[in-house]
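The lines below spell out each chain.
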Amino acid sequence: MRARRKSQLRAEGFVEACNFAATVLLQQDDLKGAHELLKRAEQVSDRSDLDRAITWNNMACYYRRTNKLRSAVTFLERALAIEEHTGNADAAQTHLNLCATLSQLGRHGEALQHAQSALIRIYEILAPQLFNGELTLEDISDDSREQFTVLCIAYHNLAVEQEHLKKIESACCAYAEGYRWAGKFLGQSHQLVAILKHSAESVKAKLPASSAAVTRASELMDGWPQAAARSVPQAERSQQLEGLLTPRHAGGNGGIPDDLPSKQVLGVAQKSTALVSRAKRGATQTKAAEILGSDHLATP
């Protein structure tokens, strides 16, 4: 048992070293050397899902650099299949890599979906930390700062794809939302702040001054408001929530059994749901991120 564990640790160390060295070589434009190292890492990484996912992500970076975009997509999808249910931030970055690669292929609808998925995944990581008071502006760890960077890149990529799909109003607000998060948690000197601000202002200029999207974007870029507390009666909340649940089956009630109390609370009743009209992480990947920076995630 001990011998097997030692062998596994040696294999993991070898995979980590190969991946780290490969990212350095990619940065130095030694594509052949990087590919050879990644192939060796792939051969040894069969004992660890995490090692495989990291290696396939880096392999995708290699194929993007060599303009073999469809091969890059294949490796990213393999990595995502492993990372999707790990509960860490790796899946968000893989979604962003897929977004950027699919955008290069002109598949902007799919790229948009991956940007949205990245946002959801990184919010799932950050929200508990914010809720529990673990994150403060005075003391943000390197890991948390990297997660906020991923969040802001996700907003950037989302807006880029919305622009490609002619959803200009949505793009305007997405750039502004990313700018708001970047300004608060990354600092005004961070390059993403300037990128998001410039992009938001450029898109705002394409819209009429009377546009609701322009108004909303301006509000977002002004920072975080001090919201006043508002008490909403339970009956009113129930009416507002009614109809938000999408049924799992045609003509269903959102999949809520008849005997569940939540059915009454939500006011779902016995009718069909309708739309509501309302006014390791591994040291390898961390080191690779330090070398390559976050730019390789962003959609140009």
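Up top is the structure these notes are about.
Presented here is a report on the structure given in the accompanying data block. Source: prediction; values computed, not measured.

About the cut-offs
Residues numbered from 1 in each chain as written. Predicted model: local features only at pLDDT ≥ 70, side-chain atom pairs only at ≥ 80, totals over all residues. Heavy atoms only, no water. Helix = DSSP H or I, 4+ residues; strand = E, 2+ residues; numbered from the N terminus. Buried < 20%, exposed > 50% of the residue type's maximum accessible area, 1.4 Å probe, protein only. Areas by Shrake-Rupley, 256 points an atom, 1.4 Å probe, with all protein chains shown as cover. Polar contact = N/O pair within 3.5 Å; in protein donor to acceptor, adjacent residues only side chain to side chain. Contact = heavy atoms within 4.5 Å. Core = buried A, V, L, I, M, F, W, Y, C linked by side-chain atoms within 4.5 Å. Disulfide = S-S within 2.5 Å. Axes fitted to C-alpha atoms, helices over the stretch in contact; angles between N-to-C directions. Parallel < 35°, antiparallel > 145°, perpendicular 65-115°, else oblique. Left-handed = near helix turned anticlockwise from the far one by under 90°. Arc of directions from axis to C-beta. Salt bridge = Lys/Arg side-chain N within 4 Å of Asp/Glu carboxyl O. Phe/Tyr/Trp six-rings, centres within 6.5 Å; stacked < 30°, edge-to-face > 60°. Lys NZ or Arg CZ within 6 Å of the ring centre and 35° of its normal.

### Topic: the overall build of the protein
No. 1: Each helix and strand in the protein was counted, giving 13 helices and zero strands.
No. 2: Across the protein, helices and strands are ordered from the amino to the carboxyl terminus as α-α-α-α-α-α-α-α-α-α-α-α-α.
No. 3: Buried residues in the protein amount to 44% of all 300 residues.
No. 4: For the protein, the exposed surface amounts to about 16500 Å²; the carbon and sulfur share of it is 52%.

### Let's talk about the side chain of Thr101
No. 1: Within the fold, Thr101 resides in helix α5 (residues 90-104).
No. 2: Relative accessible area serves as the criterion here: at 0%, Thr101 is assigned to the buried category.
No. 3: At 2.8 Å, the side chain of Thr101 and the backbone oxygen of Asn97 are in polar contact.
No. 4: Those residues within four positions of Thr101 in sequence are excluded, and the remaining contacts are Arg64, Leu69, Ala72, Val73 and Leu76.

### Considerations on the nonpolar core
No. 1: Counting residues in hydrophobic clusters, the biggest one holds 72 residues, and the most contacted among them are Ile122, Phe148, Leu151 and Tyr175.
No. 2: If you tally residues by element for this core, the top one is helix α8 (residues 168-185), at 11 residues.
No. 3: Beyond its immediate stretch of four places on either side in the chain, Tyr175 contacts His156, Ala159, Val160, Glu163, Leu196, Ser199, Ala200 and Val203.

### What about the state of the cysteines?
Structurally, a disulfide amounts to a covalent bond that connects the sulfur atoms of two cysteines.
No. 1: Enumeration over the complete set of coordinates arrives at zero disulfides.
No. 2: Free cysteine: Cys173, not disulfide-bonded; nearest cysteine sulfur from Cys172 at 5.3 Å.

### Some remarks on the packing of α8 against helix α9 (residues 191-204)
No. 1: The geometry of α8 relative to α9 is characterised by a closest axis approach of 8 Å and an angle of 155° between their N-to-C directions. As the angle between them shows, α8 and α9 are arranged roughly antiparallel. Classified by chirality, the crossing of α9 by α8 is left-handed. Counting all contacts with α8, which are made through Ile168, Cys172, Tyr175, Ala176, Gly178, Tyr179, Ala182 and Gly183, the residues of α9 involved are Val193, Leu196, Lys197, Ser199, Ala200, Val203 and Lys204.

### Considerations on unusual backbone geometry
No. 1: Phi at Asp29 is positive, roughly 65°, even though this residue is not glycine.
No. 2: Considering the arrangement of structural elements, one finds Asp29 in the loop between α1 (2-27) and α2 (31-44).
No. 3: Using a relative accessible area of 54% as the deciding quantity, one classes Asp29 as exposed.

### Describing helix α10 (residues 212-221)
No. 1: Turning to α10, its buried residues number three or more, namely Ala213, Val214, Ala217, Leu220 and Met221. In a view along the axis of α10, the buried residues occupy a sector of 125°, so they form one face of it.
No. 2: Contact partners of the buried residues in α10: α8 and α9.
No. 3: Structurally, the start of α10 carries an N-cap: the backbone nitrogen of Ala213 is 3.1 Å from a side-chain oxygen of Ser211.
No. 4: Just downstream of α10, Gly223 is the residue with a positive phi angle, here 110°.

### Brief notes about the pattern of salt bridges
No. 1: Under the definition given, this model contains 10 salt bridges.
No. 2: A salt bridge links Glu84 to Arg121; the shortest N-O distance between them is 2.7 Å. Taken as a pair, Glu84 in the loop between α4 (69-83) and α5 and Arg121 in helix α6 (residues 108-131) lie far apart in primary sequence, 37 residues in all.
No. 3: Of the residues examined, Arg121 reaches a relative accessible area of 11% and is grouped as buried.

### Overview of the packing of aromatic side chains
No. 1: One pass over the full model with this rule turns up seven aromatic pairs.
No. 2: Pairing Tyr123 with Trp181 gives two aromatic rings, centres 5.9 Å apart and planes at 70°, and the pair type is edge-to-face. With Tyr123 in helix α6 and Trp181 in helix α8, the pair connects residues that are 58 residues apart, well separated along the chain.
No. 3: On the basis of relative accessibility, which here comes to 9%, the residue Trp181 falls in the buried class.
No. 4: Measuring from centroid to centroid gives 4.1 Å for Phe148 and Phe185, while their planes differ by 5°, and the two rings are stacked. Of this pair, Phe148 sits in helix α7 (residues 142-164) while Phe185 sits in helix α8; the two residues are 37 residues apart in sequence, bridging distant segments of the chain.
No. 5: The buried category is assigned to Phe185, whose relative accessible area is 8%.
No. 6: Three or more aromatic residues link up through ring pairs in this structure, and these residues are Tyr123, Phe148, Tyr155, Trp181 and Phe185.
No. 7: Lying over the aromatic face of Trp56, Arg78 brings its terminal NZ or CZ to 5.8 Å of the ring centre.
No. 8: One Lys or Arg, Arg78, reaches over the ring of Phe75 and ends 4.9 Å from the middle of that ring.

### Structural notes on the environment of Arg52
No. 1: With respect to the secondary-structure elements, Arg52 resides in helix α3 (residues 49-65).
No. 2: The spacing of Arg52 and Ala79 is 27 residues in sequence and 7.2 Å in space, taken between C-alpha atoms.
No. 3: In this structure, Arg52 is in contact with Ser45, Asp46, Arg47 and Ile82, ignoring residues within four places of it in sequence.

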